[in-house]
Structure formats: structure tokens, C-alpha cells
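This is what each chain is made of:
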Amino acid sequence: MINIDALSELPSVPFTLRIPLAGRALGDKIFPHMAVNDGFAAPTLAALGDDGRRWVEDLYSVYGVLSRTQYVRRQALNFIAEHPNAHVINIGCGLSQYYQWLDNGHIHMIDVDLPVVIAMRQRLLPPINERQTMLAVDLTDSDWWEQLQLSIQDNEPLLVIMEGVSMYLQAAQMEHILHTVNVFAPSGSKLVLDSFNYMAIGNACWHTSLRRTGADIVWGLRYSTDLTKQNPRLKIMEQADVMLGYSALNDISCNSVKIFTGLPFYAMYTLGID
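In short, a report on the structure. Just so you know, these numbers come straight off a predicted model, no measurement behind them. The numbers attached to residues start from 1 for each chain and follow its sequence in the written order. With the structure being a predicted model, the display of local features is reserved for residues of pLDDT at least 70 and the display and counting of side-chain atom pairs for 80 or more, all residues being used for whole-chain, interface and lining totals. As a convention, hydrogens and water are excluded, and side-chain values are obtained from all of the structure's heavy atoms.

1. Quick look at helix H10 (residues 171-184)
What counts, and what does not: Numbered from the N terminus, helices here are DSSP runs of H or I no shorter than four residues, and strands are runs of E no shorter than two. Working rule for helices: expected span equals 1.5 Å times residues minus one. The classification of residues rests on relative accessible area computed with a 1.4 Å probe and restricted to protein chains. Under 20% of the type maximum is buried, over 50% is exposed, and intermediate values are partly exposed. Residue contacts are counted whenever heavy atoms from the two residues lie within 4.5 Å of one another.
In a regular helix each residue adds 1.5 Å, so 14 residues correspond to 20 Å; H10 covers 20 Å between its end C-alpha atoms and thus fits that length. Within the sequence span of H10, burial applies to Met 174, Ile 177, Leu 178, Thr 180, Val 181 and Asn 182. Considering only its buried residues, H10 is in contact with helix H9 (144-147), strand E4 (158-162), strand E5 (190-196), strand E6 (234-241) and strand E7 (266-273).

The following block contains the structure:
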């Protein structure tokens, strides 16, 4: 077991990994119709010495975690059905274990995060088999893509997952990541990511779970074209409001935000790469 007090020394952004971990570990009983049946989340949370109760008090976040997990998993499974030998890159993987749902006996998956998080994964979530690997990479490095050391045969399309990452990056950093994917990702690849609306910037104090970590929201979309501008190979293929379905009142709020700003407050996006 890793001492929970030691985890409090984590920088604020890596510390946020416990929110989705608790949501996947405990959320199925709270929202059975949204269950993701994560076989690794509960044991991993227990190994951290965290019962998760303080995180799942925030039911709104729990629902959001389950909703976006379902979205990412669905997009990944659809991609793998088309490209059964694909490489899947989970950037900012935290302590998620998507490989449990995606392994078809052929795909290769790279779980990527900061060195401090990868060190935790090595102890808590070692690779399931030889086709799953872990890599410590800082997305703020200018050569982060080269650090992935991808060996793609026949220019095979990639699936890049970037869940729970964009909101903690500066605008220039996010622009660099999108530009890098635009330049290097093979044709037919996809990027699946989540993003807040710009109205969320600087407002983590209103987020019950996030404010406990010390992290803040520093980037969000003003226009959907922020994901594709100056990156002509990137095309928005799908957008999904993460929080729709939480409650009737919440749905009214979600739709009002979209009407007022033109974007969901918090959404998943799938980008195709031409």
C-alpha cells in the first residue's frame, strides 16, 4: 500500500488523477445505468489507502467520469474494429486502465504521463501483457511526440486519447499539442479529448472535487474551431456533452450554456486526421 499522506505531496495536476479513479471504482453503484465495470479501479484505489468517499461526495463529477469513460471506450472500440492492429496512445493516462476493455490480441497501447505518475503506475498498474507499455513524457516538452518512439508499420493510423488533460494546459501548450498531432499523426488517425468551455477558466473553486486538489482550469474552448485552426488536417467528427442526462434540471442548464456560448460547458470531441 502507498501511504496516502505521501500522495498529498503530489503536484496539484497529477493529484487530480484520484477523481476519475474514485469515480470508476465507486460510481457504478451510484449510477448503475452508467456503469463501466472497471476491474482495476477499486483495487488501485484501495492500494492508495483511499476509500474514495470524499471524491464521490461530488456526484456531478462521478457522473461526468462515467460518461466520458463510456465515450472514450466507445470511440476506441470503434477505431479498433476498423484498425485491429492499431497503436493506441493514452496521453495523461493517470491511473486509468483502458487496456482491459480494448485488448483484442493485436493492438499496442502506450500509457503516457508525467514521471511521477508513471512511477505510481509501475507499482500499482503494471502492464497486462507485452503489448501494453508505459512511458514518462512531459507534454510541455517541445519534442514530446518524438519521445513516444513510435514504430508504426505501413503508416498505420493511431488513436490518441487525451482525457482530463487539456484544461490544465496553457493556451500555447495546447496549441502546440494540436499542431504536433496535425504534423505527425498518420492519415486516418483520430484524437479523442475532453474540453471545458472558456467560461470554466479560473473557476475550479466551484468544482467540489477539483478545488480539493489545488489545480485550476486554465484552458477552455471559446470556439470549436480552436481545435482545428491553423491545423488543416484536423477535422471535428463528433462532439458530445458529457453532463447531459445527469438530471432534467441539469439538461436545461447544459442546453442554455450551449445556446448562450455556442459550445457545451464540458464536452468530448473526436478529431479525425486527414
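2. Focus on the side chain of Asp 194
Inclusion rule: Residues adjacent in sequence count toward polar contacts only when both atoms are side-chain atoms; beyond that, a polar contact is any pair of N or O atoms within 3.5 Å, and within protein one must be able to donate a hydrogen and the other to accept it.
For Asp 194, the location among the structural elements is in strand E5. A distance of 2.8 Å separates a polar side-chain atom of Asp 194 from the backbone nitrogen of Gly 164. Ignoring any residue separated from it by four or fewer positions in sequence, one finds Asp 194 in contact with Arg 68, Met 162, Glu 163, Gly 164, Val 165, Ser 166, Met 167, Tyr 266, Ala 267 and Met 268.

3. Thoughts on a nonpolar patch on the surface
Our working rule: A residue counts toward a patch only above 30% relative accessible area and without a salt bridge, and it is joined to like-charged neighbours within 9 Å or, for Val, Leu, Ile, Met, Phe, Trp and Tyr, to nonpolar neighbours within 5 Å. Each accessible area value is a Shrake-Rupley result obtained with a 1.4 Å probe; residue values ignore everything except the protein chains displayed when judging cover. Salt bridges are identified by distance alone: a Lys or Arg side-chain nitrogen within 4 Å of an Asp or Glu carboxyl oxygen.
A grouping of Met 199, Phe 260 and Phe 265 is seen on the molecular surface, where their side chains present a nonpolar patch of about 320 Å² in accessible area. Relative to the helices and strands, Phe 265 is located in the loop between helix H11 (248-261) and E7. Using a relative accessible area of 31% as the deciding quantity, one classes Phe 265 as partly exposed.

4. Here's the deal with the environment of Glu 82
As for its position among the elements, Glu 82 is in helix H6 (residues 59-82). Judged by relative accessible area, Glu 82 falls into the exposed class, the value being 55%. Linking Glu 82 and Ile 217, residues 135 residues apart in sequence, is a C-alpha distance of 35 Å.

5. Some points on the packing of aromatic side chains
Threshold: Two rings belonging to Phe, Tyr or Trp (six-membered ring only in the last case) form a pair when the distance between their centres is within 6.5 Å. Interplanar angles under 30 degrees mark stacking, angles over 60 mark edge-to-face geometry, and anything in between is tilted. Only when the NZ of Lys or the CZ of Arg is both within 6 Å of the ring centre and within 35 degrees of the ring normal is a charge said to sit over the ring.
Counted under the stated rule, the structure contains 9 aromatic pairs. Residues Tyr 98 and Trp 101 carry aromatic rings whose centres are separated by 5.5 Å and whose planes lie at 70° to one another, so their mutual orientation is edge-to-face. Accessibility expressed as a relative area gives 17% for Trp 101, which makes it buried. When the centroid spacing of 4.5 Å and the interplanar angle of 25° are considered together, the rings of Phe 196 and Tyr 266 count as stacked. A residue pair is termed long-range when its members are at least 10 positions apart, and Phe 196 in strand E5 and Tyr 266 in strand E7 qualify at 70 residues. Grouping aromatic residues by their ring pairs yields a cluster made of Phe 31, Tyr 60, Tyr 63 and Tyr 246. Here the basic side chain of Arg 73 rests over the ring of Trp 101, its NZ or CZ set 4.6 Å away from the ring centre. The ring of Tyr 198 has Arg 222 lying over it, and the distance from NZ or CZ to the ring centre is 3.9 Å.

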